[in-house]
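# Observations on the three-dimensional arrangement
Listed below, chain by chain, are the residues.
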Amino acid sequence: MENPFEIINNRLERIERLLENISSNSFINEANINLPKIMNLKQLASYLDVSKGYLYKLTSTNNIPHSKRGKRIYFDIEAINEWVLDNKIWTQKDIEEQVNNYLLKNRR
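Every value quoted in this text rests on a predicted model; they were computed, and no experiment measured them.

## Description of the confidence of the model for the protein chain
Averaged over every residue, the pLDDT of the protein chain is 84; residues scoring 70 or more account for 88%. Mean pLDDT in the protein chain bottoms out at helix H1 (residues 4–24), which sits at 79, and peaks at strand E3 (residues 72–76), which reaches 95.

## Concerning the pattern of salt bridges
Under the counting rule described, the total for this entry stands at one salt bridge. We note a salt bridge from lysine 37 to aspartate 76, for which the minimum N-O separation is 3.4 Å. Of the two residues, lysine 37 sits in the loop between H1 and strand E1 (38–40) while aspartate 76 sits in strand E3, which places them 39 residues apart along the sequence. When its relative accessible area of 30% is taken as the criterion, aspartate 76 is described as partly exposed.

## Side note on the sheet that holds E1
What the three strands build is an open sheet, ordered E1-E3-E2; its pairing is antiparallel. At either end of the open sheet lies a strand with only one pairing partner, and these are E1 and strand E2 (67–69). Going across the sheet, the axis of each strand differs from the next one's by a mean of 35°, ignoring polarity. Of the strands in this sheet, E1 and E3 are in contact with helix H4 (residues 77–85), which crosses E3 at around 70°.

## What about unusual backbone geometry?
Located in the positive-phi region is aspartate 49, a residue other than glycine, with phi close to 60°. With respect to the helices, strands and loops of the structure, aspartate 49 is situated in the loop between helix H2 (41–48) and helix H3 (52–60). Judged by its relative accessible area of 69%, aspartate 49 falls in the exposed class. With phi around 55°, asparagine 62 is a residue other than glycine that occupies positive phi space.

Reading the values: the criteria
- Residues numbered from 1 in each chain as written.
- Predicted model: local features only at pLDDT ≥ 70, side-chain atom pairs only at ≥ 80, totals over all residues.
- Heavy atoms only, no water.
- pLDDT = per-residue confidence, 0-100.
- Helix = DSSP H or I, 4+ residues; strand = E, 2+ residues; numbered from the N terminus.
- Salt bridge = Lys/Arg side-chain N within 4 Å of Asp/Glu carboxyl O.
- Buried < 20%, exposed > 50% of the residue type's maximum accessible area, 1.4 Å probe, protein only.
- Pairing = 2+ DSSP bridges.
- Axes fitted to C-alpha atoms, helices over the stretch in contact; angles between N-to-C directions.
- Contact = heavy atoms within 4.5 Å.

Printed below as a string of structure tokens:
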């Protein structure tokens with residue numbers, strides 16, 4: 001019977017190698033990512049990691065930027081990226097900097 005600690009150690013080593021590969025791949029370096037300018041529903045669902053049904057709901061309520069050609073729905077990836085980042089949650093530091101900037105500009 002194999003030592004269970006050796007099994008765990010081997011698995012951890014494999015996980016570390018996978019993480020090193022991911023960090024050295026295009027996941028980190030956006031310049032290497034070749035995204036199409038226009039995506040269909042299936043591609044966008046995979047890109048955003050959401051269901052196609054959820055995207056249909058967003059398009060039917062006009063809550064996501066999209067275009068239609070006949071029955072087909074298309075998405076401009078730049079517009080989608082802007083849409084995703086529209087609802088940024090500000091950190092406490094960001095808020096404090098904005099307040100300080102406002103106070104400096106509006107001194108009496």
